[in-house]
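In case you want the letters, here they are:
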Amino acid sequence: MKNKIKIVYMAALAIIAWFALCLQFYISIAQFLSTGRTLAGAIVHLLSYYTIQNNILVALSVTLLLLAPASAWGKFFSRSSVITAIAVYITIVCLVYQIILRPQHTPVGLFKLADELLHSLDPAMFVLFWLIFIPKTKLPWAKAINWLLYPLLYCFYVLIRGAISGYYPYSFIDGNKLSYEQIFINSVFLLFAFLNVGLLFIGISRLTQKNSLLARSLYHTSL
């Protein structure tokens, strides 16, 4: 029964995540093309958003775990450290949007729908998927530091691309409006948030695994 619920939940999450991504690409590319941008330029622009990258990870990981768990990529995404890292990254997507970005703009229509799906519903559903359906292991605490590599590389990418193109996707690392000193401070705070959220997820995973082992031990003892 639980396996059927898991399959239905994964299918729903995959469909919603891919729908949100397709919707965002469709409406954004149409808007970019109307201003004279090229299709390739529009796609690169969208893929430069941390939100888009991590929602792709969510959609791709759940789809592969559902449809091709025995494949090389399916096995990769089934690793506890990988699926937990994605949970950390998508949680940051949600938190940064709710705390920092939401007050800065008010999208309407389909843009609002895509925003809510990508920043609120997808993260919540994926974290719930991780909590309920992913087997927990005793992850090393140092994994939280390893997981900082991706957001750190992303910051460098945004700054280099921004210096060349003049466009920065997020206000807290906007080289047109902020000094590099302020961007550095903001980035340190952001990486600190990544570290703490990573430690939180590792703590939950270790505690859950410990309780699971204890429950099994008590069950066998009672027999």
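Reading the values: rules and limits
Residues numbered from 1 in each chain as written. Predicted model: local features only at pLDDT ≥ 70, side-chain atom pairs only at ≥ 80, totals over all residues. Heavy atoms only, no water. 1 Å grid on protein atoms, 1.4 Å probe; cavity = no way out; pocket = protein on both sides within 12 Å on 5 of 7 lines; lining within 4 Å. Points joined across faces, edges and corners; volume = space filled by probe spheres on them. Helix = DSSP H or I, 4+ residues; strand = E, 2+ residues; numbered from the N terminus. Nonpolar A, V, L, I, M, F, W, Y, C, P; charged D, E, K, R; others polar.

(A) Inspection of the layout of surface pockets at higher detail. Looking at the largest pocket, its volume works out to about 620 Å³. If you go around the largest pocket, you meet 24 residues; those closest to its centre are Tyr49, His105, Asp115, Tyr167 and Pro169. Those elements that provide at least two residues to the lining of the largest pocket are helix H1 (2-34), helix H2 (39-47), helix H3 (50-67), helix H5 (80-101) and helix H6 (109-133). Residue composition of the lining of the largest pocket, by class: 13 nonpolar, 9 polar and 2 charged. Counted as a void, the second largest pocket has a volume near 170 Å³. When residues of the lining of the second largest pocket are assigned to their parent elements, the largest contribution, 6 residues, is made by helix H9 (residues 180-222). A class-by-class count of the residues in the lining of the second largest pocket yields 9 nonpolar, 1 polar and no charged.

(B) Structural context of empty space enclosed by the protein. Scanning the entire structure with this criterion turns up 1 cavity of 30 Å³ or more. Taken as a whole, the largest cavity encloses approximately 170 Å³ of empty space. Lining the largest cavity are 16 residues, with Tyr50, Tyr154, Tyr170, Phe172 and Leu190 positioned closest to its centre. Elements that contribute at least two residues to the lining of the largest cavity include exactly H3, H5, helix H8 (149-165) and H9. Tallying contributions element by element places H5 first for the lining of the largest cavity, with 5 residues. Split into classes, the residues belonging to the lining of the largest cavity amount to 14 nonpolar, 2 polar and no charged.

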